[in-house]
Every structure is written in structure tokens, then in C-alpha cells.
Amino acid sequence: MNYLLRRLLHVLAVVAISTSLGFVVLHLVPGDPLGLATEQAGRSAAARAQLQAQYGLDKPLVQQYAAFAKRAVTGNWGVSMVSGRPVGEALREGLVNTLKLSGTGLLLAVLLGVSIGAWQGWRPQSVIGRMLGTVLTGLYVIPEFVVAITLITIFSYHLSVFPIGGAMDPVLSVVGSKSQQTRDQLWHLVLPAVTLGIGWGAAIARQQRTAVLDTRQEDFVRTARAKGVSANNVFFRHAFPVALPPVVTVIGLMLPVLVGGAVVVETVFAWPGLGSLLLKAIGARDYPLVSGAIVLTGFVVASGSVLTDVVLFALNPRLRAHAQ
Amino acid sequence: MRNNMPRFSTIVFGAIVLLAILAPLVAPFGPAQQLDIVALKNRAPSVTHLLGTDAYSRDLLSRALFGARTSLFVAFAATTIATVVGTLWGGLAATAANRLGDGMMLIVDVLRSVPRMLLFLVAVALAGALSPVWLAALLGISAWPAISRMAFVLVRDLQSRSFVEAAHAAGSAPGRVFLRHIAPHLTGPLTAAGTLLLADILALESGLSFLGLGIKPPGASWGNMVQDALPYLGSAWWTAAVPCACLLVTVFSASALADQLQKMTRRDETPVPGL
């Protein structure tokens, strides 16, 4: 129970910190958050006072925080200062796109990372495995935008195989048939998802390799082999399941990075996700949108870490016994 | 082929650091000097401009050299901050009473799960633009929890070793035990971790500058050079390739160096066979 309590505390703290960050942005910005919005529109002092009242900026800080917390819970962020569009609506759209991209990227990463890493760990003498290891280390350390730009330069600009950016074709999304649209959207997903999958996959592979290398030397693996279980069965039934939890932990630790990494990749590929939305909002000093996006990101990361815990629990019987 | 990787990566990384330090002497032009916006826009590499010119007619070689200066300064400063703060916090937590120490580490774990990118976005939203010094401070602050977790585990592990117990039993003061018996065992692993962190921060800084959140133009950083090159990938790909290649070589050699350091410290730890 102690373990679960700690984890719960952890998740709550993440939510609290990200909410406070969002509040700081919205209310403690040096100068006046309405400065840019009013100056640009050339509004009068009366209009300014009205805007201040509209965003609740004329009330004491404690009241502002209470109002902020209420909005954070209900998800009612008001309207964007720049586009006048409801913030909740913009965030929902961004989140759906980000989940689409990150989900596909993560799926690719897990498939690639787990299989390559497990193979490297199980057959440590293999020459191909070692060469792959060097390549993976390289892919693990280089910044994501370098991979993204290399892919885009080769496949979009010079070979014209994949689109340069965006989530869908502007023409097809209006006039195309349902199947054409689906194919078009998948086509737009390929390069950004591969970029994410390569970087994250390399990180997972490293962890998986170490985990399999470790379990490979365990007594129960030798015993299984000695009692006549085939090599494949030893791997899939005895070694692999034991080597999985540390990898799940790493994937869980990657979640915050995953959101950060997606900002970069979304920007390069002009993907209309949460990251590029946040970046644009910061450029335009659109504070309601910025703090909404920050709080939402915190929630996504926290729920991701809850999910990781659930998976770890399901995979590891020792953890269950420990918690009871 | 014997393993020449460590020597090779040390030489490459050392050369890059040297070039960065000597940038004002080596660079043929100024980093922000717009030479001829009409005749020298996006020129392919030539004899006068060894790596070509960018969209603002600036010499790419000079820009890459000065970019190395900024990027490496930020990375070194941030790594130093993170390593010092992280080691102190982790070391203190390990030597503190159990409950207090655990509390200190809980803070670390929570900080580790806040998305780094959010921290930067908030800072930029608050401050507008960051100077290299502030950028380094911020990167250092974002990275210290990872180092501190490592220092904590290392110190806790060392405390249970028999030579530390022996030192305590012999009547050494706790401070002396820490400085003479525990600290020397920390330098190796922490240097390795620091070098890996350097590579990591280099990549992170370039990512931030690429997004327009780090080093602001006209100041040169490999990241913002790529940002400048983004609209011309189809016509002048070398303007992106130059900073990308610089990043690739630097980050890769730094991480190879870190790998090597890690292996060396691990050999220290294993007992000599036959003893």
C-alpha cells in the first residue's frame, strides 16, 4: 500500500506543479499580460479595463488562483486572446493530433526497440547486432530535429515521396472520399512518426538489451535449458517476461521527454498538435492558451505515469505481493 | 582492428573544443556579417567560403565556429551547475537521516517527471528572451535531479561497504570518512555521467535554439542555424547540413567519450580475479 500511496502522491505533485506553472504564466507575467493584445489592436483605456475584468486580472491574486484552479478542473479556459476561439476547443484538437502522432511513434519505437534490443541481448556475440548497437547509440544521442530534417530533405524535397508537412491535404480533406482521406492522413503521418520512432526506439533498445543480457545469466534460465526446454521457449517463456518490467519503467520515464520531443518534431513537420500550438501561443503571448496547454500537458504526463504503474503491476507479480 | 574509438573520439571532441575557443582567430569572417545579400545568398561551398553561405549571405564556416563557442559554453556551464548541485543534494540526502533523505529524493523524483520542455516554455514566456548565461542556468537546473539520483544511489551503496564501516570503526569523523573514503569513489562515475549529460544538454540546447527559444539571432548557435535553413531545404540543403553535421559529430564524440569513461570506472569496481 505504501508503494501505491507514494505513486499517487507523485502524480498529484506533478499535476500541482504543472498547474502552478500555468498560473504563473497567466498571472505573474512581468508587466501586463494584456499589453501586447491591447497595443496591437490599438484599443482604448476603457476597452483595456473591460478586457482586464473579462480575464479576471483586476482581482486579488488569491481569488485569481481559486478561479484558475476551478478552470483547470473544469477545462473551461475561456477564449484565446489572439484568435478569439475557445481555448478548450483548440486544446482538444491539438491533443487529438498529438496523441495520434506520439501514439504511432511510440508504437513503432516499442516494436523496433524491444525486438532489436532483445535480439542483441540474447545473441551478444552477433556481428550484425553489435553494428546495430553502434548505429542505435548514434540515433539515441543526436537531436530529433536533425533526423527530421534529414528525412524531410531526402524524402520530401528531393524524392517527393512524402508530403513536406501538415496532417492532411487541404484539398483532399474537403473533396476527397473517406478512403482517400484516410490514406492521405496516414501518408502525412509516416515521416514524423518514423522520426519519433527512431529516437525513442533507440532508447528502448538500449534498455531492453541490458535487461535481456542480465536475465540471460540467471540460474532459472540455465535450469530451463538443462531440463530440456528449447532455446526459443526459454527465451519467450522464461527470460523475456522477466526482462520486460525495466523496459516499461524506461518508457514511463520517457513520457515527459515524449511531450517535449513532440514539440520539436511537430514544428519541423508543421503538425497541428499540442506542442506547436503551445509554441505559437508563446510567440503571440496568448496567455490563456499557454497556461491551458501547460496544465493539459501536465495532466497527460501524470495520467501516462499512472498507466505505466498499472502495466508494471500487471507484469510483475512481486510488486503486487509487495503492495498487499 | 583494435578499438580505436576512445582515442578517436577524444581527439575529435578536443579538436572541436579547441576550435570553439579559437573561433575569433580561425574564422575567416564575422559570425553575423552579411557579406553581400544579393550576390552571396545561399551559395554552395567554394574556395572563399569553404562551407558556403546562408540565406543572409553570412559565411557558414564562421557561423559554425562561433556557434560551437556558444553551444559548448552553454553546455559546459549547464553541466557544471547540474553536476555540482546534483551531487551535493544527492550526497546530503544519502548521509541524512533515513526519513529526511527519502523526502529529499521524493522531491527529486517529482521534479524528474515534470516535462523539461514545459519549464523552458514557461521561462521564455516569462522572460521573453534568454541570454546564454540564463539559458545555461536553466538547463543546469532542469538536469540536476538526474545526477542527484545517481549520486544518492552511489553514496548509499558506498556507505554499506566494509572499508567505510572500518573507517567509522577506527574512529574517523563522519566528515573525514566522506571526504577521504567516499568522495574519491564518486569522481569516476560522476565524470562519466557528466560527459553524457554534456552531450544531452548540447542536443537539448540546439533543440531549443531551433525552436527559437534558446540563443536568439543574430547570435550564432547550431540550433538557430538550422532554424534559418529550414525554408531552403529544397534549394540550399547545405545550409542545414553544416550545423547538423557539427551537432552530429560533437554529440556523438562526447557520448562515445562518456561510454569509454563509464567502462573505465566499471573496471575499477570489479575485484581483481585470483585475489
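Residues numbered from 1 in each chain as written. Chains lettered and ligands numbered in written order. Predicted model: local features only at pLDDT ≥ 70, side-chain atom pairs only at ≥ 80, totals over all residues.

1. A few points about the overall build of chain B
Tallying secondary structure elements over chain B gives ten helices and zero strands in all. Listed by position from the N terminus, the elements making up chain B come as α-α-α-α-α-α-α-α-α-α. Projected onto its principal axes, the C-alpha positions of chain B cover 80 × 50 × 30 Å. Expressed as a percentage of the 275 residues in chain B, the buried residues total 45%. (Helix = DSSP H or I, 4+ residues; strand = E, 2+ residues; numbered from the N terminus. Buried ≥ 20, exposed ≤ 12 C-beta atoms within 10 Å, placed from the backbone.)

2. Some details on the overall build of chain A
When helices and strands are tallied, chain A shows 14 helices and zero strands. Ordered by position from the N terminus, the helices and strands of chain A form the series α-α-α-α-α-α-α-α-α-α-α-α-α-α. Considering chain A as a whole, with its 324 residues, one finds that 39% of them fall into the buried category. Here the analysis covers contacts within chain A between residues at least 6 apart in sequence; of these, 74% occur between residues at least 24 apart. (Contact = placed C-beta atoms within 7 Å.)

3. Details of the interface of chain A and chain B
How large an interface is tends to be reported as the accessible area lost when its parts come together. If you look at the interface, chain A gives 35 residues, while chain B gives 30 residues. Among the secondary structure elements, those contributing two or more residues to the side of chain A that touches chain B are α1 (2-27), α6 (127-141), α7 (144-158), α11 (231-268), α12 (274-283) and α13 (287-315) of chain A. Among the elements that take part in the side of chain A that touches chain B, α1 of chain A stands out by supplying eight residues, more than any other. Along the lines of polarity and charge, the residues of the side of chain A that touches chain B split into 26 nonpolar, nine polar and no charged. (Nonpolar A, V, L, I, M, F, W, Y, C, P; charged D, E, K, R; others polar.)

4. Description of the nonpolar core
In terms of nonpolar packing, the biggest core is built from 151 residues, with Ile149, Leu278 and Ala293 of chain A touching the most fellow members. Broken down by element, this core gets its largest block of residues, 17 residues, from helix α8 (residues 174-211) of chain B. Beyond its immediate chain neighbours, meaning those up to four positions away, Leu278 of chain A contacts Val263, Val290 and Ala293 of chain A together with Leu121 of chain B. (Core = buried A, V, L, I, M, F, W, Y, C linked by C-beta atoms within 7 Å.)

5. Remarks on helix α1 (residues 5-21) of chain B
Residues and elements named next belong to chain B. With 17 residues, α1 extends 24 Å between its outermost C-alpha atoms, agreeing within 8% with the 24 Å of an ideal straight helix rising 1.5 Å per residue. All of the buried residues along α1 are Ser9, Phe13 and Ala20. The buried residues of α1 occupy an angular sector of 25° when projected down its axis, which confines them to one face. Away from its buried face by more than 90 degrees, α1 exposes Arg7, Ile11, Gly14, Ala15 and Leu18. (Expected span 1.5 Å × (residues − 1). Arc of directions from axis to C-beta.)

6. Examining the confidence of the model for chain B
All names here are of chain B. Model confidence for chain B is summarised by a mean pLDDT of 82, while 95% of its residues fall at 70 or above. The model gives residues 269-275 a pLDDT under 50, and that stretch makes zero contacts with residues more than four places away or in other chains. Scored as a whole, the predicted complex attains pTM 0.80, and scored at its interfaces, ipTM 0.77. (pLDDT = per-residue confidence, 0-100.)

7. So, the environment of Leu51 of chain B
Along the chain, Leu51 of chain B turns up in the loop between α2 (23-26) and α3 (60-95). Not counting residues within four places of it along the chain, the set of residues in contact with Leu51 of chain B comprises Pro45, Leu60, Leu61, Ala64 and Val242 of chain B.

8. Quick word on the packing of helix α5 (residues 87-122) of chain A against α12 of chain A
Residue and element names in this part refer to chain A. Contact geometry for α5 and α12: axes closest at 7 Å, N-to-C directions at 135°. When the axis of α5 is compared with that of α12, the two are oblique. Of the residues in α12, those touching α5 at Ala90, Gly94, Leu95 and Thr98 are Leu274, Gly275 and Leu277. Looking at the contact of α5 with α12, its residues break down into four nonpolar, three polar and no charged. (Axes fitted to C-alpha atoms, helices over the stretch in contact; angles between N-to-C directions. Parallel < 35°, antiparallel > 145°, perpendicular 65-115°, else oblique.)

9. Brief notes about the environment of Thr87 of chain B
Residue and element names in this part refer to chain B. Residue position: Thr87 is located in helix α3. On the basis of neighbour count, Thr87 is assigned to the buried category, with 24 C-beta atoms found within 10 Å. When the C-alpha positions of Thr87 and Phe152 are compared, they lie 7.8 Å apart, and in sequence the two are 65 residues distant. Setting aside residues up to four positions removed in sequence, Thr87 forms contacts with Ile147, Ala151 and Leu190.

10. Side note on unusual backbone geometry
Trans is the prevailing form of peptide bonds, just as negative phi is the prevailing case for residues other than glycine. At Ala270 of chain A, a residue that is not glycine, the phi angle is positive and equals roughly 50°. Looking at the secondary structure, you find Ala270 of chain A in the loop between α11 and α12.

11. Overview of the packing of helix α4 (residues 98-112) of chain B against helix α6 (residues 132-159) of chain B
Residue and element names in this part refer to chain B. Axis separation between α4 and α6 bottoms out at 9 Å; the angle between their running directions is 145°. Of the two possible hands of crossing, α4 and α6 adopt the one that is left-handed. Facing α4, whose interface residues are Met105, Val108, Leu111 and Arg112, α6 presents Pro145, Ala146, Ser148, Arg149 and Phe152. Its residues placed into classes, the contact of α4 with α6 shows six nonpolar, one polar and two charged. (Left-handed = near helix turned anticlockwise from the far one by under 90°.)

12. Some points on the environment of Leu111 of chain B
Inspection of the secondary structure puts Leu111 of chain B in helix α4. Spatially, the C-alpha atom of Leu111 of chain B lies 9.3 Å from that of Ala146 of chain B, the residues being 35 residues apart in sequence.

13. Observations regarding the confidence of the model for chain A
Should pLDDT be low for a region, the predicted coordinates there are not to be read in detail. Overall, the prediction assigns chain A a mean pLDDT of 78, with 86% of residues at 70 or greater. Here helix α2 (residues 35-41) of chain A stands out as the least confident element of chain A, with mean pLDDT 54; α5 of chain A is the most confident, with 87.

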